[in-house]
Amino acid sequence: MLLETEKLSRVYGGVVAVNEVDFRVQEGLITGLIGPNGAGKTTLFNNMTGLDTPTNGKVLFEGKDITGKKANEICRLGIARTFQNIRLFKEMSVVENVMIGRHFKVGDKNKGRFLQSVKSYFFMKNEEKTIYNKALEYLDFFGLADLRNEDAKALPYGHQRELEIARAMATEPKLLFLDEPAAGMNPQETEHLMEMISRIRSLGVSVVLIEHDMKLVMNICDEITVLNFGNKIASGTPNAIKHDPVVIEAYLGSE
Ligand code: ATP
């Protein structure tokens, strides 16, 4: 197992947001995390990525206990994530957003200075050029390289979402958590996103995906875990999940 939780619980006051969940992520796969609103999906993400600390239970990554570690430590170990709401540096350019992810990977020595010089490649130090060129590779992967000098806020919505994924990829994760990446996307944007996530898997990066778009989930996930009221109610292949009466009752409905 690349990542697993052992009886992970998170309680807020009287609310049991996640209840003794054993969640497993196998290396090289796309794992879906689905369930109704308020089921505990984002809470589980937050507790695996250091944004929150479990009330009980453990998180193991590559066999090591990472429970309670800070978000930046966890990122350095090789886990990157995106958020339900877009969190770009909107006043900065597209390439600068990805360079920030890259800087996180290589260290912060030049922070601040490189951002001022980004518009004049000629004057950049070699180290900064390497970061810039690497950032361009990630943009190119998503088909965004031509937009590198645009302000992030000027991009269409679907591109902004993919830019966030590009920034996360620039930290060179082993495991990428995506929290509702298709939310608000039109069908063409969703189609492109689906291709991108499959290509990320083919690079050897494992993916965990929270998503309400069932077409996307059923098409690209290798494994799916279902939460309901904080409890894990099922896990298995898309086909098994689709036909599981407990999941149909709690979430999918019968069509
Ligand atoms: P959605 O699909 O709507 O994003 P979700 O499955 O991600 O839902 P969570 O956001 O994890 O669900 O919420 C699980 C439960 O925990 C909800 O009842 C929510 O109100 C509660 N909760 C989450 N965060 C907090 C918090 N910081 N304080 C108190 N309650 C919280």
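What counts as what
Residues numbered from 1 in each chain as written. Predicted model: local features only at pLDDT ≥ 70, side-chain atom pairs only at ≥ 80, totals over all residues. Heavy atoms only, no water. Helix = DSSP H or I, 4+ residues; strand = E, 2+ residues; numbered from the N terminus. Contact = heavy atoms within 4.5 Å. Polar contact = N/O pair within 3.5 Å; in protein donor to acceptor, adjacent residues only side chain to side chain. Expected span 1.5 Å × (residues − 1). Buried < 20%, exposed > 50% of the residue type's maximum accessible area, 1.4 Å probe, protein only. Phe/Tyr/Trp six-rings, centres within 6.5 Å; stacked < 30°, edge-to-face > 60°.

Undergrad: Just checking my understanding: could you explain the environment of Thr 5 for this structure?
TA: If you trace the backbone, Thr 5 turns up in strand β1 (residues 3-12). Each residue touching Thr 5, except ones within four places of it in the same chain, is listed here: Val 21, Asp 22, Phe 23, Leu 44, Met 48, Lys 58 and Val 59. At a separation of 2.8 Å, a polar atom in the side chain of Thr 5 contacts the main-chain carbonyl oxygen of Val 21. At a separation of 2.8 Å, a polar atom in the side chain of Thr 5 contacts the main-chain amide nitrogen of Phe 23.

Undergrad: Please explain helix α7 (residues 187-202) as it appears in this structure.
TA: Turn by turn, an α-helix covers 3.6 residues, leaving residues three or four places apart pointing in a common direction. Taking 1.5 Å per residue as the helical rise, α7 with its 16 residues ought to reach 22 Å, and the 23 Å between its terminal C-alpha atoms agrees with that figure. The inward-facing, buried residues of α7 contact β4 (30-34), α5 (126-141), α6 (157-169), β8 (175-179), β9 (206-210) and α8 (214-220). N-capping of α7 is provided by Asn 186, with a side-chain oxygen placed 3.1 Å from the backbone N of Gln 188. Looking one or two residues beyond α7, the residue adopting positive phi is Gly 204, at roughly 95°.

Undergrad: Looking at this model, I keep getting lost on α6. Mind explaining?
TA: With 13 residues, α6 should reach 18 Å at 1.5 Å per residue; the first-to-last C-alpha distance of 19 Å fits that figure. Of all 13 residues that make up α6, 11 are buried, and the element is covered over most of its length. For α6, every residue scored as buried is listed here: Gly 158, Gln 160, Arg 161, Glu 162, Leu 163, Glu 164, Ile 165, Ala 166, Arg 167, Ala 168 and Met 169.

Undergrad: I'm lost on the packing of aromatic side chains in this one. Help?
TA: The description of an aromatic ring pair rests on the distance of the ring centres and on the angle between the ring planes. Per the stated rule, a full pass over the model turns up two aromatic pairs. Here Phe 45 and Phe 177 contribute two aromatic rings whose centre-to-centre distance is 4.7 Å and whose plane-to-plane angle is 80°, an arrangement assigned as edge-to-face. With Phe 45 in helix α1 (residues 41-48) and Phe 177 in strand β8, the pair connects residues that are 132 residues apart, well separated along the chain. By relative accessible area, Phe 177 is classed as buried at 0%. Between the aromatic rings of Phe 141 and Phe 142, the centroid separation amounts to 5.1 Å while the plane-to-plane angle is 75°, which identifies the pairing as edge-to-face.

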